[in-house]
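Geometric and topological summary
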Amino acid sequence: MTAAAVRPTSLIPVPRSPLSGAPGTAALPAHREPTACRAVAYQRVLHQLVRREWRLLGELATWAPAAEAERTATLTRHADLIGRVLLHHHAVERDSVWPALLLAVADEGAGAVRRALADWTGRCARIDHMLRDVSTAARQWQVAGTAGARDAFALACLDLADAVDAQTAEEEAVLLPLLGQHLDAEDWAAIARSSHCRLSGREQLLVLGLALEDASAIDRARLINGLSPATRMAWRMHGRSQYRAAVVRLRGAPPAP
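What you are looking at is a predicted structure, and each value in this text was computed from that prediction instead of being measured.

This part takes up the overall build of the protein. Per the secondary structure count, the protein includes 8 helices and 0 strands. Starting at the N terminus and walking to the C terminus, you meet the elements of the protein as α-α-α-α-α-α-α-α. Every one of the 257 residues in the protein was classed for burial, and the buried ones make up 47%. A separation threshold of at least 6 residues defines the contact pool for the protein, and within that pool the share at least 24 residues apart is 80%. Accessible area of the protein: about 12,300 Å², with a carbon and sulfur share of 58%.

Here's what the structure looks like:
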């Protein structure tokens, strides 16, 4: 099986009981697993991924040789991937998740949700603009190969990491509890099934590995179980080893066990 066998797919695993199908475990009935164990857990895992990767990119670029084309390509290519993942995440929230939340809350709570979403919209618009700045800095570094261009890219990544840290912390404090309380499980399942990100099969498996890296045991089980059978097989057969090799190439060390 090649990496292409897993595409196209969603970056959001289709929600199932967190341990259903896992060897030696019993599935929880669907009504026993609160939406927070799916929608909120997905949001937190994705936030953790982008926070870690932008911070690492800034730090790695700071020490990278300015004129080494292969190293420059490795770092800027990873920035492009994480940028696309984050833009897709914002689009899913803006177009699907938050409208579903607004429909789910009672009338008396809708005003507070709208105010929180107005703040989210402003913060994420700024982040999306900063992503364009990172892309510009990446292209300039690739062309110029100078220390100044490298430093501009590193600083753009670190500035973005600070903004993402602040925005996701606010979202997790204000919006995610509302999402866990009000969003219906069927609505989340529909969002997961309809949300597709244009990544290659190899990119999808890399993002899966990045998501699994710092996830808790139950979130790991939930992520793996929510994948299609073809994607699970691709991950077992070659995705895990490709992910490890990609991390070593990027960071100079294997991912944490």
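We now examine the pattern of salt bridges. Scanning all chains against the criterion turns up 15 salt bridges. Across the salt bridge formed by arginine 55 and aspartate 162, the nearest N and O atoms sit 2.9 Å from each other. Placement of arginine 55 in helix α1 (residues 39–62) and of aspartate 162 in helix α4 (residues 147–182) is noted, with a sequence separation of 107 residues between them. Under the relative-accessibility criterion, arginine 55 is labelled partly exposed at 24%. Between arginine 94 and aspartate 95 there is a salt bridge, with its nearest N and O atoms 3.7 Å apart. A residue is classified by how much of its surface remains accessible, and arginine 94, at 42% relative accessible area, is partly exposed. Each of the salt bridges in this network shares a partner with another, and the network as a whole consists of Arg52, Glu53, Glu213, Asp214 and Arg251.

The subject of this paragraph is the environment of leucine 227. One can find leucine 227 in the loop between α7 (217–225) and α8 (229–251). Taking the C-alpha atoms as reference, leucine 227 lies 9.8 Å from leucine 208; in sequence the two are 19 residues apart.

Take α1 next. The first and last C-alpha atoms of α1 sit 35 Å apart over 24 residues, in line with the 34 Å expected at 1.5 Å per residue. α1 sits mainly inside the fold: 17 of its 24 residues count as buried.

Bringing the nonpolar core into the picture now. In terms of nonpolar packing, the biggest core is built from 69 residues, with Trp54, Leu75, Trp98, Phe153 and Leu179 touching the most fellow members. If you list the elements that add at least two residues to this core, you get α1, α2 (69–104), α3 (107–144), α4, α5 (185–194), α6 (201–213) and α8. Here this core takes 13 residues from α3, the largest share from any one element. If near-sequence neighbours (up to four positions away) are discounted, tryptophan 54 is found in contact with Ala79, Ile82, Gly83, Leu86, Leu131, Val134, Cys157, Leu160, Ala161 and Val164.

Another point: the confidence of the model for the protein. Confidence along the protein averages 86 in pLDDT terms, with 86% of residues attaining 70 or more. Note that pLDDT drops below 50 for residues 1–9; the model gives that stretch 23 contacts with residues more than four away or on any other chain. Overall, residues 14–35 carries pLDDT values under 50, and its contacts beyond four positions in sequence, including any with other chains, amount to 40 contacts.

Calculation rules
- Residues numbered from 1 in each chain as written.
- Predicted model: local features only at pLDDT ≥ 70, side-chain atom pairs only at ≥ 80, totals over all residues.
- Heavy atoms only, no water.
- Helix = DSSP H or I, 4+ residues; strand = E, 2+ residues; numbered from the N terminus.
- Buried < 20%, exposed > 50% of the residue type's maximum accessible area, 1.4 Å probe, protein only.
- Contact = heavy atoms within 4.5 Å.
- Areas by Shrake-Rupley, 256 points an atom, 1.4 Å probe, with all protein chains shown as cover.
- Salt bridge = Lys/Arg side-chain N within 4 Å of Asp/Glu carboxyl O.
- Expected span 1.5 Å × (residues − 1).
- Core = buried A, V, L, I, M, F, W, Y, C linked by side-chain atoms within 4.5 Å.
- pLDDT = per-residue confidence, 0-100.

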